[in-house]
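Residues per chain, in single letters:
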Amino acid sequence: MFVALFSGCSGENKLHEKIIIKGVGVDLYDGNIEVTMHVFDSENSVSDGKGKIIVISSTGKTVLDAFNNLSKKTGKEPLYSQNLVLIIGKECAQNGINAIMDFFIRYYEVRPSVSVFVSDTTAKDILKCRYDGFLITCEEISALSFMGDFNASGKSADVTEVVNDLCGDITDPAVMALKVTADEQGQRPETSGTAIFNKDKLAGFLNTSESKGFMLLKGNIKGGTFVLDLNNSLGTATITFNDVTAEYSFDTSEEKLKIKIDIFAQLNLYALDNSEQRHLPNTHIDYIEELSNIKLKEYAVCAIEKSVKEYNSDSLNLGKRLRLYETDYFKEIQNNHRSCLSSAVYEINVQSQIKNIGQEMGP
């Protein structure tokens, strides 16, 4: 009898021989790229498979060069498939993100669904945050992407969406912005609004109120609240978003392009701070809807003024809509369509409807 013995997977690195990356931050440092990472410390893991996360950094001419230099220092190969977030520092984003995003979409092991953020300082500042003595994990940072959508405080985006906007030529990316907040217990990252790009370069930031307007204009608010001072016996009302849609029309008959935007918002009224008003008659509902129209229009106007007019960005994808509805006109202005959008006249109308008022108090 002849028995052949074969060893399996002998040429592959085992997990303890790899650097398991949980989060990546990219900054400019002294003319080079600095990559800061959350990595799984396999050497200090315990019997249940859990281990602590440590922060390490490496520099290079490019992102891949920085990762390769890390391997030279550690003797371990990076494992990218467990990465959850990509955070880009402000200066790095201002310098241009094409080369950075190219690696994160092109390299076969990188997940295209990774959440993308821009720090209002450096990516390293975000990844080094500690609170109550513990490092803020990339799971917690990644959750900010969902919560930004949920409370309409910032526009979330993943690697695929950012790359698609960059490749679209007439579209510009918009991603969630992060800042570091501090108190006596430590530091933690927090959503600070939306980072707006002109092509691949960071043009500026929208605050959280302007981000609400931006998301209204996109028609994709999934949650969030705003507060109305009712200036009467009703006191203050807290309104939540139920559903939002936005419709666009274009008038190219005059010298300046005119863009009409109709926003339809279904709202919920779940909090009035004046308990004396227990039941709301229709006249009060109408009044709250009128004030909501004014407030939401303010948000939308501020978002247009900042993102389109000041930053000269088409992160709202207006060019795509214009090309679809006014194809011949767009062909004439496509080489400078951002300037055309910046100088356009905007008419914004908001129609709100209180869909739910919750459980009213009885007598």
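In this text, all values refer to a predicted model and were calculated from it rather than measured experimentally. (Residues numbered from 1 in each chain as written. Predicted model: local features only at pLDDT ≥ 70, side-chain atom pairs only at ≥ 80, totals over all residues. Heavy atoms only, no water.)

Trainee: Explain helix α3 (residues 98–106) to me, please; I cannot follow it from the model alone.
Mentor: For α3, every residue scored as buried is listed here: Ile 100, Met 101, Phe 103 and Phe 104. Seen along its axis, α3 keeps its buried residues to an arc of 155°; they face one direction. Turned more than 90 degrees away from the buried face of α3, the exposed residues are Ala 99 and Arg 106. Check the buried side of α3 and you find it contacts β1 (18–29), α1 (63–74), β5 (85–88), α2 (90–95), β6 (115–119) and α6 (159–167). (Buried < 20%, exposed > 50% of the residue type's maximum accessible area, 1.4 Å probe, protein only. Helix = DSSP H or I, 4+ residues; strand = E, 2+ residues; numbered from the N terminus. Arc of directions from axis to C-beta. Contact = heavy atoms within 4.5 Å.)

Trainee: How should I be thinking about the environment of Glu 109 in this particular structure?
Mentor: Mapped onto the secondary structure, Glu 109 falls in the loop between α3 and β6. In this structure Glu 109 comes out as buried when scored by relative accessible area, which is 15%. Along the chain, Glu 109 and Gln 82 lie 27 residues apart, while their C-alpha atoms are 9.3 Å from each other. Setting aside anything within four residues of it in sequence, one finds Glu 109 in contact with Pro 78, Leu 79, Tyr 80 and Ser 81. A polar atom in the side chain of Glu 109 sits 2.8 Å from the backbone nitrogen of Tyr 80. (Polar contact = N/O pair within 3.5 Å; in protein donor to acceptor, adjacent residues only side chain to side chain.)

Trainee: Help me understand the sheet that holds strand β15 (residues 345–356), please; the structure alone is not making it clear to me.
Mentor: One open sheet holds the four strands; their spatial order is β12-β13-β14-β15, and the pairing between them is mixed. This sheet does not close on itself; its edge strands, each paired only once, are β12 (225–229) and β15. Taking the axes of each pair of neighbouring strands and ignoring which way they run, one obtains an average angle of 40° across the sheet. With respect to the sheet, helix α7 (residues 208–218) is in contact with β12, β13 (236–251) and β14 (258–272), its orientation differing from that of β13 by roughly 50°. (Pairing = 2+ DSSP bridges. Axes fitted to C-alpha atoms, helices over the stretch in contact; angles between N-to-C directions.)

Trainee: Would you explain the confidence of the model for the protein in this entry?
Mentor: The predicted coordinates of low-pLDDT regions are not to be read in fine detail. In the predicted model, the protein carries a mean pLDDT of 88, and the fraction of residues at 70 or more is 89%. Every residue in residues 46–50 is under pLDDT 50, and counting partners more than four places away or in other chains gives three contacts. (pLDDT = per-residue confidence, 0-100.)

Trainee: How do you make sense of α1 when you look at a structure like this?
Mentor: Each α-helix turn comprises 3.6 residues. Residues three or four places apart therefore point the same way. A rise of 1.5 Å per residue sets the reference length of α1, with its twelve residues, at 16 Å; its end C-alpha atoms lie 17 Å apart and thus fit the reference within 8%. Looking only at α1, the buried set comprises Val 63, Ala 66, Phe 67 and Leu 70. Projected down its long axis, α1 carries its buried residues within an arc of 100°, all on one side. If you follow the buried residues of α1, they end up packed against β1, β2 (32–40), β3 (53–60), β4 (77–79) and α3. (Expected span 1.5 Å × (residues − 1).)

Trainee: Please clarify how the packing of α3 against α6 should be interpreted in this entry.
Mentor: Each pair of packed helices gets described by two things: the angle between the helix axes and the distance between those axes. At a minimum axis separation of 10 Å, α3 and α6 run at an interaxial angle of 130°. Put simply, α3 runs oblique to α6. Relative to α6, the crossing made by α3 is left-handed. For the pair formed by α3 and α6, the contact residues are Asn 98, Met 101, Phe 104 and Ile 105 on the first element and Val 159, Thr 160, Val 162, Val 163 and Leu 166 on the second. Across the contact of α3 with α6, the residue classes break down as seven nonpolar, two polar and no charged. (Parallel < 35°, antiparallel > 145°, perpendicular 65-115°, else oblique. Left-handed = near helix turned anticlockwise from the far one by under 90°. Nonpolar A, V, L, I, M, F, W, Y, C, P; charged D, E, K, R; others polar.)

Trainee: Would you mind showing me how to read the side chain of Asp 165 here?
Mentor: Along the chain, Asp 165 turns up in helix α6. Lys 320 provides the closest opposite charge to the buried, salt-bridge-free Asp 165, at an N-O distance of 5.8 Å. Residues contacting Asp 165, with those up to four places away along its chain left out, are Thr 171, Asp 172, Pro 173 and Asn 317. (Lys, Arg positive; Asp, Glu negative; His and termini not counted. Salt bridge = Lys/Arg side-chain N within 4 Å of Asp/Glu carboxyl O.)

Trainee: It is not clear to me how the pairing of β1 should be interpreted in this structure. Could you clarify?
Mentor: Working note: regular strand, side chains alternate between the two faces of the sheet. With ten of its twelve residues buried, β1 lies for the most part within the structure. With three bridges joining them, β1 and β4 adopt parallel strand pairing. Bridged to Ile 20 within β4 is Leu 79. For β1 and β2, the ladder comprises nine bridges, and the chain directions are antiparallel. Within β2, the position partnered with Val 24 by the bridge is Met 37. What sits between β1 and β2 in their antiparallel hairpin is a turn of two residues, with Asp 30 showing a positive phi close to 55°. Of the strand pairs in this sheet, β1 and β5 are connected by four bridges, and their pairing is parallel.

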